[in-house]
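Examination of the molecular architecture
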Amino acid sequence: MSGSEFFQSISGLYFVWRSSFSSANSTGKLEEIVKSHSIISLFLALLAFKSNLNDPLGVLNSWNSSVHFCKWQGIKCGLQHRRVTVLNLTSSGLVGSFSPNLSNNNFRGNIPSNFGSLQNLLHFSMDFNSLGNEDAGDMYFLNSLKNCCQLEVLGVNSNQLGGVLPNSLGNLSTHLQHFGVAMNQISGVIPSRFGSLFNLETLNIEQNQFEGEIPDFIGDMQKLQVLGLNTNRISGQIPIFLGNLSFLSHVHLQDNKLEGTIPSSLGNCKNLLSLDLSQNNLSGKIPKEFFSATAIFKVNLSQNHLVGPIPSEVGNLKNLVEFDASENKLLGEIPIELSKCSGLVNLYLDDNFFEGSIPPSFESLKSIENLDISSNNLSGIVPKFLVNFSLETLNLSFNNFEGELPTNGVFANASAISVIGNSDLCGGISVLQLPRCKTRTLKERRLSCFHIILISGGCLLLIISMLSLFVICWLKKKKNVQSCAPFRNESLITVSYGDLLKATDGFSSTNLIGVGSFGSIYKGILD
């Protein structure tokens, strides 16, 4: 790519560096400003840079020899030594190419490799441009930055850079705090020499083509706050050591090939604000220990293979704004503890196996704006308190809800709700095309009352008949007992022992009939 083709549509450029050049007193003319060859070189380089640009907004009108370049639009110098520290032409509408003389560099599509001559460079930011050719040589410029021993920020996000990250990254300044190469076409594994950058606070390599596992050396970056590895081809398991990084605030690992379970150690990250593990191959249950990270406000676990219920400890996340566990294999009832997350705005639980009803305690979720619980096994009536919420979307489709659907609140906006796949729902606004709810006429209500009276009367008659039959039987039995009693009294006579002794001839053996276990039996004749 030629110099005239490079940066044909730049909307802005931002460099921050410490210049090694010094200046003398300014009197307004070039001859009076420049006291050294280095200043002349920089001055001419800036003018050459201007000459290659189209400036439709007149931003560079002040760039001329009548004033000191420290007073030019977009340039700042140090107050003490009058050295150039900032060149900021962000969003100035400039069109054109970089001058090859600027900082002795040659901008021709690839980032030039001799930036290392700027030994006092603090910030290197070329985000949101069209740098690189998506080939192997695009990242060679990193080799020269090893001489920038004060470098704190390195950002080339959102360009067209290809190739792999060189091992020379380990030679970068140990002062480096922010490293960003996101939204490019960089491939390969994360180099092991990266581990020497122990002062990193931000590591952002998302939306590239990195592969391999999350390297162990990340566990040694004790100052790390932002870890952006999403949208790559990273595999393996989520390492347990992430729980040892106490300053972690944002962890984005979504859209990779990660597998295994969610490590419970993530609950140790007390400063964690957002966690995105979606679009992976994670399995197992959601560990209850994870919900010890009570500062978190955004959790995305969607599009995995997670099973089991959502732990009740989810109610510990008082700052929760968004919770997405959709497209998993979760089951059980929707935990009522979610209602403790009173600031919840977005809740997505669709495409799981949840059952039961919408918890009545959800009435306390006054901040909810988007609720999706579709494609589950939920049942019961649709709570009327939902009409009081400022819902933007409500998806109840493909469940087993029943009863009458409200017609006010969000239910009055057909574009905001979905209730298809609930065959027992009725009512609602006409555009939803639900069946009319059955309402009984006055005649039907009277007929129903007659049936109730008829059935009640029949049951009462049956009870009375059974009681009557019981009384009749009891009286008849009592009468039979009384009629038998006189007969038994008249048939029995009183016999004394002497009469028995005489009748059996003194219990003579000749009158003995038999002997049993209860005594002997005799015959005798009574007078």
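Bear in mind the structure is a predicted one, so any value in this text is a computation, not a measurement.

**With respect to the overall build of the chain**
- A tally of regular secondary structure across the chain gives four helices and 31 strands.
- Among the 527 residues that make up the chain, the fraction classed as buried is 44%.
- Within the chain, contacts between residues at least 6 apart in sequence are counted, and of these 51% link residues at least 24 apart.
- Accessible area for the chain stands at about 27500 Å²; split by element, carbon and sulfur atoms hold 54% of it.

**A short note on the pairing of strand β27 (residues 400-405)**
- Direction of pairing for strand β25 (residues 377-381) relative to β27: parallel, over a ladder of three bridges. When the sheet's bridge partners are listed, S379 is paired in β27 with N400.
- Where β27 and strand β29 (residues 424-427) come together, four bridges link them in parallel fashion. Within β29, the position partnered with G403 by the bridge is L425.

**Quick look at the packing of aromatic side chains**
- Under the criterion given, the structure shown has five aromatic pairs.
- Arranged with centres 5.1 Å apart and planes meeting at 25°, the rings of W63 and W72 form a pair that is stacked. The burial state of W63 is the same as that of W72; both residues are buried.
- Seen from their ring centres, F290 and F291 are 5.1 Å apart, and the 65° between their planes marks the pair as edge-to-face. Each of the two residues, F290 as well as F291, counts as buried.
- An aromatic cluster of three or more residues is present, and its members are F179, F194 and F217.

**Thoughts on the nonpolar core**
- Within the largest apolar cluster, 97 residues are counted, with the highest numbers of intra-cluster contacts made by F179, F194, I218, L242, L253, F323 and L349.
- In this view, F179 contacts L154, L165, L169, F194, L200, T202, L203, N204 and I205; residues no more than four positions away in its chain are not counted.
- One finds V59, F69, C70 and W72 within the second-largest nonpolar core, a separate group that totals seven residues.

**Points about the environment of H305**
- Looking at the element boundaries, H305 is found in strand β19 (residues 305-308).
- With 22 residues separating them along the chain, H305 and S283 place their C-alpha atoms 4.7 Å apart.
- Each residue touching H305, except ones within four places of it in the same chain, is listed here: N281, L282, S283, G284, N328 and K329.

**What about unusual backbone geometry?**
- Notably, D351 is not glycine yet its phi reads approximately 60°, a positive angle.
- Mapped onto the fold, D351 is located in the loop between β22 (346-348) and β23 (353-356).
- One non-glycine residue, S375, lies in the positive phi region at around 55°.
- Along the chain, S375 turns up in the loop between β24 (370-372) and β25.

**A look at a nonpolar patch on the surface**
- A grouping of L460, L461 and I464 is seen on the molecular surface, where their side chains present a nonpolar patch of about 300 Å² in accessible area.
- With respect to the helices, strands and loops of the structure, L460 is situated in helix α3 (residues 442-491).

**What to know about the side chain of D350**
- Within the secondary structure, D350 is located in the loop between β22 and β23.
- Comment: no salt bridge for buried D350; closest opposite-charge side chain is K298, at 14 Å.
- Apart from residues no more than four positions distant in its own chain, D350 is found in contact with S326, E327, D372, I373, S374 and N376.

**Some points on the pairing of strand β13 (residues 233-237)**
- Alignment of strand β11 (residues 209-213) against β13, held across three bridges, turns out to be parallel. Pairing of E213 across the sheet is with S235, part of β13.

**Looking at the sheet that holds strand β17 (residues 281-285)**
- An order of β9-β11-β13-β15-β17-β19-β21-β23-β25-β27-β29 is seen for the 11 strands of this open sheet, with the pairing classed as parallel. This sheet does not close on itself; its edge strands, each paired only once, are β9 (187-188) and β29.

**Quick word on the confidence of the model for the chain**
- Across the chain, pLDDT averages 79, with 72% of residues at or above 70.
- Low pLDDT, under 50, characterises residues 94-109; the stretch is placed with 70 contacts to residues that sit more than four places away or in other chains.

**Let's talk about the side chain of N159**
- Along the polypeptide, N159 turns up in the loop between β7 (153-155) and β8 (178-180).
- For N159, a relative accessible area of 9% puts it in the buried group.
- In terms of polar contacts, N159 uses its side chain to reach the backbone carbonyl oxygen of V156, at 3.0 Å.
- Within the structure, the side chain of N159 is placed 3.2 Å from the backbone oxygen of N157, a separation counted as a polar contact.
- Apart from the residues within four sequence positions on either side, N159 is in contact with M126, D127, F128, N129, S130, L131, M183 and N184.

Reading the values: rules and limits
Residues numbered from 1 in each chain as written. Predicted model: local features only at pLDDT ≥ 70, side-chain atom pairs only at ≥ 80, totals over all residues. Heavy atoms only, no water. Helix = DSSP H or I, 4+ residues; strand = E, 2+ residues; numbered from the N terminus. Buried < 20%, exposed > 50% of the residue type's maximum accessible area, 1.4 Å probe, protein only. Contact = heavy atoms within 4.5 Å. Areas by Shrake-Rupley, 256 points an atom, 1.4 Å probe, with all protein chains shown as cover. Pairing = 2+ DSSP bridges. Phe/Tyr/Trp six-rings, centres within 6.5 Å; stacked < 30°, edge-to-face > 60°. Core = buried A, V, L, I, M, F, W, Y, C linked by side-chain atoms within 4.5 Å. Patch = residues over 30% accessible without salt bridge, like charges linked within 9 Å, V, L, I, M, F, W, Y side chains within 5 Å. Salt bridge = Lys/Arg side-chain N within 4 Å of Asp/Glu carboxyl O. Lys, Arg positive; Asp, Glu negative; His and termini not counted. pLDDT = per-residue confidence, 0-100. Polar contact = N/O pair within 3.5 Å; in protein donor to acceptor, adjacent residues only side chain to side chain.

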